[in-house]
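A structural walkthrough
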Protein chains: 6
Amino acid sequence: MRLRVITPITTQGFMSAEAFASVLRPDTELSHVAIERGPTSIESEFDSMLAAPDTVAKIVQAERDGMDAVIINCMDDPGMKAAREMVAIPVVGPGEATMHVAAMLGHSFSVLTVLDWLTPMYVNHARIYGVADKLASVRSVDIPVLELESDEERLVRLLTDQAVRAIEEDDAHVMIFGCTGMLGTARRVQDGLVDRGYPGVPVIDSMVWAIKMAEALADMELSHSKRTYPYPPRKMIVGYDVEPAREAVPAD
Amino acid sequence: MRLRVITPITTQGFMSAEAFASVLRPDTELSHVAIERGPTSIESEFDSMLAAPDTVAKIVQAERDGMDAVIINCMDDPGMKAAREMVAIPVVGPGEATMHVAAMLGHSFSVLTVLDWLTPMYVNHARIYGVADKLASVRSVDIPVLELESDEERLVRLLTDQAVRAIEEDDAHVMIFGCTGMLGTARRVQDGLVDRGYPGVPVIDSMVWAIKMAEALADMELSHSKRTYPYPPRKMIVGYDVEPAREAVPAD
Amino acid sequence: MRLRVITPITTQGFMSAEAFASVLRPDTELSHVAIERGPTSIESEFDSMLAAPDTVAKIVQAERDGMDAVIINCMDDPGMKAAREMVAIPVVGPGEATMHVAAMLGHSFSVLTVLDWLTPMYVNHARIYGVADKLASVRSVDIPVLELESDEERLVRLLTDQAVRAIEEDDAHVMIFGCTGMLGTARRVQDGLVDRGYPGVPVIDSMVWAIKMAEALADMELSHSKRTYPYPPRKMIVGYDVEPAREAVPAD
Amino acid sequence: MRLRVITPITTQGFMSAEAFASVLRPDTELSHVAIERGPTSIESEFDSMLAAPDTVAKIVQAERDGMDAVIINCMDDPGMKAAREMVAIPVVGPGEATMHVAAMLGHSFSVLTVLDWLTPMYVNHARIYGVADKLASVRSVDIPVLELESDEERLVRLLTDQAVRAIEEDDAHVMIFGCTGMLGTARRVQDGLVDRGYPGVPVIDSMVWAIKMAEALADMELSHSKRTYPYPPRKMIVGYDVEPAREAVPAD
Amino acid sequence: MRLRVITPITTQGFMSAEAFASVLRPDTELSHVAIERGPTSIESEFDSMLAAPDTVAKIVQAERDGMDAVIINCMDDPGMKAAREMVAIPVVGPGEATMHVAAMLGHSFSVLTVLDWLTPMYVNHARIYGVADKLASVRSVDIPVLELESDEERLVRLLTDQAVRAIEEDDAHVMIFGCTGMLGTARRVQDGLVDRGYPGVPVIDSMVWAIKMAEALADMELSHSKRTYPYPPRKMIVGYDVEPAREAVPAD
Amino acid sequence: MRLRVITPITTQGFMSAEAFASVLRPDTELSHVAIERGPTSIESEFDSMLAAPDTVAKIVQAERDGMDAVIINCMDDPGMKAAREMVAIPVVGPGEATMHVAAMLGHSFSVLTVLDWLTPMYVNHARIYGVADKLASVRSVDIPVLELESDEERLVRLLTDQAVRAIEEDDAHVMIFGCTGMLGTARRVQDGLVDRGYPGVPVIDSMVWAIKMAEALADMELSHSKRTYPYPPRKMIVGYDVEPAREAVPAD
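Residues numbered from 1 in each chain as written. Chains lettered and ligands numbered in written order. Predicted model: local features only at pLDDT ≥ 70, side-chain atom pairs only at ≥ 80, totals over all residues. Heavy atoms only, no water.

**Points about the side chain of Lys-226 of chain A**
Counting through the fold element by element, Lys-226 of chain A comes out in the loop between α7 (206-219) and β10 (237-238). Buried Lys-226 of chain A, no salt bridge; nearest opposite-charge side chain is Glu-63 of chain A, N-O distance 7.2 Å. (Helix = DSSP H or I, 4+ residues; strand = E, 2+ residues; numbered from the N terminus. Buried < 20%, exposed > 50% of the residue type's maximum accessible area, 1.4 Å probe, protein only. Lys, Arg positive; Asp, Glu negative; His and termini not counted. Salt bridge = Lys/Arg side-chain N within 4 Å of Asp/Glu carboxyl O.)

Now the structure itself:
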């Protein structure tokens, strides 16, 4: 199985394929690309908008390269809907995938994210993805994306603090990471909750779950509905190097 | 009062400021620009994504030019949220503005749009804009955007047909246009409904209403909340000529 | 353009047409009437019920007098639905109009009202008007309606206090006034929020917005749907001086 | 136990206490009054508005007369909320009471009413009463209220026809009457459904159920919450002979 | 009228028919049985699951014994849906019945229950029963079911404490008991609220209300819809002594 | 990895571990057990209730046997909640798991099930699982569970027919099987839709997806929240051979 992670920011070295090596199944081969046009990090609707076009271009390329599925490396799922229109292979957004598994694992979930002002974005996503009834709250650690890696101890401590508040004040039963840059800390936050008197609360590393979903969908040869995401009509595009869609036949 | 309409497609001559002359208040001066990078029409999430960056750039420019408010000339409201982050003046999307007035004028409303596969987009917008309870249905005339002007008689007839079905099958009480390219036909569709036995059903020309909302907001010096749409953090952007936001101070 | 404000209480001198002079467009002529039968203020469902019949009578008269639109001067919108049945001109209720614009300007809004026990009324209105998802909270200053004008400093201070709590405790992004008697203090409350560290939070004077909506609807010759608000069947009414509807033909 | 039915229309002889004799418990004494000011029937928001003030006055009188509970004889529940503010005894509206029992008895229910244009009123009531998820549809027999009694055979046949359509087209599992003037035909409609191949579908005579609810509430000395319906502040009322509330102390 | 209470736990002497003697109508004869297979109390989904089969068996027996209606003596309503499939007489669950009357009596209600972890169960019930919009909160006294009777003073005090918090923190207007073992304390909790400054807040003894509903339904010969609860197809059951349904004809 | 499928019916030979061999990952070892007490098939709430206790007992045994996860082989997910209370390993119900993936893959989904009267059960599940906004409809092939295997051609044809109606009448974009006994026909139904003019519509074999979810959860050592599903308090159970929970410490 061949998967590709698309990191929708232009910062070099933010993430590499090796980061996921331990969670992959033996037969999964994972490649990684970052976008070349767009912002250095995604912390607003504006950033997300500028990240989307090249993310979609990279996803179109991934399908041409024979990938079985792609994963967008950002909880905002930039470009996910447009990319699904352009390709037939599964396009997994960690925001959507993780909200759904969290809704399955418990009565309610909270999103632990980087910055407070992203709350409306997550609330709106929950409404569109269809899981708004299960969203207990969005809470932030107030750390910009590119500083997440600089002090992992502090990050784990702040995530644990916010998870405790989500449990006590918002009655949240499951936690999901609201930034894929938090990769690798879920187990420690979950252990931190045990220490704080809250055992048995799943803390989900969104990006890892997204990869497992990509594996599962590709295994079953399942992908998004082309009634929801038909191939776009071919037309002239000025200023973007996006190849036309593989087929231009709408779904009906 | 100075308003500017931003048409988020690259097709020349699709619309001009004159088109709105008759509906403006005497003291309103309206200018118009089209984007220079993006698709020739918007008929998919993919098109909308590619239209957004230059739409936002044109809105940033409009604020610099001293405009009192801007209106995006597309029912999908491309770039609206990102643009609101970047400027302080009101940014009116006809999709949002018209759904809300339709919700006020009657028990339920239908969107009459160009192509069937746009339905999920309107349903999702209604969910995010907060008026999903009032959306009776989305119905389409099955005409691509750029062919809307070629046969206005046929357009009016097909819009009236779909409005009748929306009344009879979906119990819709108000109609709104799901493409700003339908500009100028609302009165004739409303008259057509009278002829078909359905008097008193408002048919709203979305783009005209959006302009009236821009006038009203600017009159009151009201604009979007900066808690919902804070200025984005300044950062390096590769490949886009977007000037940094006027201020880069987040809302809290 | 000719508009009329109907104040649905019997207190003399509570409001006059001059109060709105500064916000009107130059071509708008605004007249004002108060009801002659009903309560001295509206602070309960009981008051609202007794205010409605003469409010509707005054609206019927306004249409006969050639008004282009009417505005009901009370956030409870007493008689709005019945009046819409009786006339063809737009009947704007500030409760409905302002909840919708607040839903457009931000992620969530709070109603700042006079008395705590009015909360269920606003929550029910949000449900019927279709914007319940956007209502963050209802908060009150605990001042009876007729005392609002006696100490404007105190009113502004208490409104600002409640707005701060709405932001901090309820995550509200926009404020609307829950009593039209608060007229004229919106700008000062909004400035007060800046001083308290919350810039960019719109505070909407509900009655002023309602007038701007009346202007916009009348400009477009748009009014409520007669499928939602058909003319009532003619019948004998005992004890009320209500003239029969202009037409008595139901909508279908 | 002493109950009183308030019929909120001015038509003489529309209903009498005898109509309910067979469904009462032996220890229940039921009196009946009609209003003296208002419309001859209720078929619009306008009619309902004019019926409410004297309905409330009659309910206030009923409490003074020592009644244990009152029932409003109209599915629109005119004046119910205002009356609850004015008295402490249970005020049962058949619209509210029957929607709730229908929600208990099956997966979904339909309202069978007199006139098509009443649909928005029932939908709005379901939203406020909190049972919107269970409302399958509103269907009408297209007979004005005062003609309901003129041809009972036809009424039963048309009600049965609409009930069959509600089952087949709207997947309704329970039927409730949308006009209390349909009193006495529920059993025959239910039998008609058996003949049409649909056994086991409850058809609820809304007014009878409302009386049983009044008996049950009075038995338990339960009434509405005074936090939702506090006594209105005392104030001058012009043009209505409404006595002040028994107490004028708001709930908090 | 003959009613039967089924107590779905195996603890002897937990409740007897005498407990309800004072609330019954004179013509109501009430019998009581406890189940013989299942848990000693219900405090989890696991307990509820094990209580259900014998509860249903006892309800089938009750119908054979000529009962007019049955009431399940547990707020979790164990076996209610399955029992309704098996019999034609009304099967009243106190959870469902009381949530609906609470929704009628006020703007919002809270459930006062025994143990914190039952919250998701009540929230899910509110969603299925269709009254989720009216549920303000679930609060617990943290006392296991079988200890409820050991110190009634303490129970009343803790219930009152939680009711006060539900009013002050969750804006609840009506209280219902979340365990039928709290039988007999409603009046004292309601009086306690008056002492704490909250008059006029109904506190509903769920089991008593359920019995009044059974009386009312049986009076009207109303029962659940057989379209929602058709007789199950006959088939071989291993390991349970459940007699086949009275009829095995599904509803359509 | 060691998984176990629990088939919650007593019919011998209905399913075996071999049926899933082709979809398993090479390192997954799958065992299978059927229950010994309960119904021969599940076609009602009554059947589901009787299937649950031994299903839970078998799941408790599976954890003792060292399984990494279990899957319940029935779309009604009988016993899922109770089982999650009793064990720490993931308990996957195909109803819940497949509704969530369907919500991810498209705008809306329909359940294709065996018998019409199961509709309320699926609607209620969608409400509890939090995906009700995405459920387009439930449609049935009208074939009892145990006859599903007797004529696979007919089953595929009827499933395709209902899927076409779900697309055309209910605007469904994704199909899921509403009975795990339909195993193995998804691909042919999906191909049938292509032949009928509807390419790109995912048809999901619910049981296969449930197994892939179990693999993914076990890979990540993720399981349900113990705040939602705490271990039940230990107590005496009469008439069931259920061992006490591994731990009896509630979650808080």
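**Digging into helix α5 (residues 152-170) of chain E**
Residue and element names in this part refer to chain E. Given a rise of 1.5 Å per residue, 19 residues ought to cover 27 Å, and the 26 Å separating the end C-alpha atoms of α5 matches this to within 8%. Packed against the buried residues of α5 are β6 (109-113), β7 (135-140), β8 (174-177) and α6 (186-195). Just downstream of α5, Asp-171 is the residue with a positive phi angle, here 55°. (Expected span 1.5 Å × (residues − 1). Contact = heavy atoms within 4.5 Å.)

**So, the relation of the copies chain C and chain A**
With an axial shift of 0.0 Å and an RMSD of 0.0 Å, the rotation relating chain C to chain A amounts to 120°. Here the symmetry operator amounts to a three-fold rotation axis. (Least-squares fit on C-alpha atoms with pLDDT ≥ 70 in both.)

**Focus: the interface of chain C and chain B**
Contacts between the two partners involve 48 residues from chain C and, on the opposite side, 49 residues from chain B. When the area that chain C buries against chain B is broken down by residue, the three leading residues are Met-104, Met-220 and Arg-227 of chain C, summing to 19%. Summed over the shared surface of chain C and chain B, the result is two salt bridges. Across the pair Lys-212 of chain C and Asp-219 of chain B runs a salt bridge whose closest N-O atoms are separated by 2.6 Å. Going through the elements one at a time, α3 (94-105), α4 (119-129), β9 (203-204) and α7 (206-219) of chain C are the ones with two or more residues in the side of chain C that touches chain B. (Buried area = accessible area lost by both parts, 1.4 Å probe.)

**Some thoughts on the environment of Ala-210 of chain E**
Residue and element names in this part refer to chain E. Mapped onto the fold, Ala-210 is located in helix α7 (residues 206-219). Residue Ala-210 is classed as buried on the basis of its relative accessible area of 0%. Those residues in contact with Ala-210 that sit more than four places away from it in its chain are Ile-71, Val-92 and Pro-94.

**Overview of the packing of helix α3 (residues 94-105) of chain F against helix α4 (residues 119-129) of chain F**
When two helices pack together, their arrangement is given by the angle between their axes and by how far apart the axes lie. Residues and elements named next belong to chain F. At a minimum axis distance of 10 Å, the contact between α3 and α4 shows a crossing angle of 70°. Accordingly, the angle class assigned to the pair α3 and α4 is roughly perpendicular. Between α3 and α4, the residues in contact are Gly-95, Glu-96, Met-99 and His-100 and Tyr-122, His-125, Ala-126 and Tyr-129, respectively. A per-class count over the contact of α3 with α4 returns four nonpolar, three polar and one charged. (Axes fitted to C-alpha atoms, helices over the stretch in contact; angles between N-to-C directions. Parallel < 35°, antiparallel > 145°, perpendicular 65-115°, else oblique. Nonpolar A, V, L, I, M, F, W, Y, C, P; charged D, E, K, R; others polar.)

**Describing the interface of chain C and chain A**
In this assembly, four residues from chain C lie in contact with five residues from chain A. Between chain C and chain A, the buried area comes to about 340 Å², and carbon and sulfur atoms account for 54% of it. For the pair chain C and chain A, the number of links is zero salt bridges. In this structure, the connection of chain C to chain A is made through one residue pair in polar contact (both at pLDDT 80 or more). Split by residue class, the side of chain C that touches chain A holds no nonpolar, two polar and two charged. (Polar contact = N/O pair within 3.5 Å; in protein donor to acceptor, adjacent residues only side chain to side chain.)

**Overview of the relation of the copies chain C and chain B**
Its rotation angle being 180°, the transformation that places chain C on chain B also includes 0.0 Å of axial translation and leaves an RMSD of 0.0 Å. Read as a symmetry element, the transformation amounts to a two-fold axis. A share of 100% of the interface residues of chain C reappears at the interface of chain B, consistent with the copies meeting face to face through the same patch.

**Here's the deal with the sheet that holds strand β2 (residues 29-34) of chain F**
Residue and element names in this part refer to chain F. The parallel open sheet is built from four strands, whose spatial order is β2-β1-β4-β5. This sheet does not close on itself; its edge strands, each paired only once, are β2 and β5 (91-92). Along the sheet, helix α1 (residues 45-64) makes contact with β1 (2-7), β2, β4 (69-72) and β5, crossing β1 at roughly 165°. Here helix α7 (residues 206-219) sits on the sheet in contact with β1, β2, β4 and β5, set at roughly 165° to β4. (Pairing = 2+ DSSP bridges.)

**Some details on unusual backbone geometry**
Positive phi, normally seen in glycine, also occurs at Asp-171 of chain C, with a value near 55°. Position of Asp-171 of chain C among the secondary structure elements: in the loop between α5 (152-170) and β8 (174-177). The class for Asp-171 of chain C is partly exposed, based on a relative accessible area of 33%. The backbone of Glu-221 of chain D shows a phi angle near 55°, a positive value even though the residue is not glycine. You can see Glu-221 of chain D is positioned in the loop between α7 (206-219) and β10 (237-238). Accessibility expressed as a relative area gives 62% for Glu-221 of chain D, which makes it exposed.

**Topic: the pairing of strand β6 (residues 109-113) of chain D**
Residues and elements named next belong to chain D. Within β6, five of the five residues are buried, which leaves the element mostly enclosed by the surrounding structure. Neither face of β6 is open: one carries Phe-109, Val-111 and Thr-113, the other Ser-110 and Leu-112, and all of them are buried. Relative to strand β7 (residues 135-140), β6 runs parallel, the two sharing five bridges. Bridge pairing in β7 places Ser-110 opposite Ser-137. Of the strand pairs in this sheet, β6 and strand β8 (residues 174-177) are connected by four bridges, and their pairing is parallel. Note that in β8 the partner of Leu-112 across the bridge is Phe-177.

**Comments concerning the packing of aromatic side chains**
Using the criterion set out here, one finds zero aromatic pairs over all chains in the structure. Over the face of the ring belonging to Tyr-231 of chain A we find Lys-226 of chain A, whose NZ or CZ atom lies 3.6 Å from the ring centre. In this arrangement the basic side chain of Arg-37 of chain E is found over the ring face of Tyr-240 of chain F, its NZ or CZ atom lying 5.1 Å from the centre. (Phe/Tyr/Trp six-rings, centres within 6.5 Å; stacked < 30°, edge-to-face > 60°. Lys NZ or Arg CZ within 6 Å of the ring centre and 35° of its normal.)

**A short note on the arrangement of the chains**
The closest approach of any C-alpha atom in chain A to one in chain D is 14 Å; the two make no contact. Between chain C and chain F there is no contact, and the shortest C-alpha to C-alpha distance separating them is 14 Å.

**Comments concerning the nonpolar core**
Counting 596 residues, the largest nonpolar core has Trp-209 of chain A, Trp-209 of chain B, Trp-209 of chain C, Trp-209 of chain D, Trp-209 of chain E together with Trp-209 of chain F as its most contacted members. When residues in this core are grouped by element, the largest group, 10 residues, is from helix α7 (residues 206-220) of chain B. Apart from the residues lying within four places of it in its own chain, the contact partners of Trp-209 of chain A are Ala-97, Thr-98, Val-101 and Ile-204 of chain A together with Met-213, Ala-216, Leu-217, Met-220 and Leu-222 of chain F. (Core = buried A, V, L, I, M, F, W, Y, C linked by side-chain atoms within 4.5 Å.)

**Looking at the pattern of salt bridges**
All names here are of chain D. A full pass over the atoms with the stated rule returns 102 salt bridges over all chains. One salt bridge connects Glu-152 with Arg-188, and the closest N-O pair in it is separated by 2.6 Å. Linking Glu-152 in helix α5 (residues 152-170) with Arg-188 in helix α6 (residues 186-195), this pair joins segments that are 36 residues apart in sequence. Given the relative accessible area of 31%, Arg-188 is considered partly exposed.

**What about the confidence of the model for chain A?**
All names here are of chain A. In the predicted model, chain A carries a mean pLDDT of 92, and 96% of its residues have values of at least 70. The low-confidence segment residues 248-252 (pLDDT under 50) makes 15 contacts with residues lying over four places distant or belonging to another chain. As scored by the predictor, the complex reaches a pTM of 0.95 and an ipTM of 0.94. (pLDDT = per-residue confidence, 0-100.)

**So, the sheet that holds strand β1 (residues 2-7) of chain A**
All names here are of chain A. Pairing is parallel across the open sheet formed by four strands, whose spatial order is β2-β1-β4-β5. Each edge of the open sheet carries a strand with a single partner, namely β2 (29-34) and β5 (91-92). When strand β4 (residues 69-72) meets β5, the two strands line up parallel, connected through two bridges. Along β5, the bridge assignment pairs Ile-71 with Val-92. Its contacts with the sheet put helix α1 (residues 45-64) on β1, β2, β4 and β5, and the angle it makes with β1 is roughly 165°. Its contacts with the sheet put α7 on β1, β2, β4 and β5, and the angle it makes with β4 is roughly 165°.

**Comments concerning the packing of helix α4 (residues 119-129) of chain A against helix α4 (residues 119-129) of chain B**
The contact between α4 of chain A and α4 of chain B brings their axes to 9 Å, and the two run at 135°. Considering their axes alone, α4 of chain A and α4 of chain B lie oblique with respect to each other. Both α4 of chain A and α4 of chain B take part in a crossing whose hand is right-handed. Contacts from Asn-124, Arg-127 and Ile-128 of chain A of α4 of chain A reach α4 of chain B at Asn-124, Arg-127 and Ile-128 of chain B. For the contact of α4 of chain A with α4 of chain B, a count of residues per class yields two nonpolar, two polar and two charged. (Left-handed = near helix turned anticlockwise from the far one by under 90°.)

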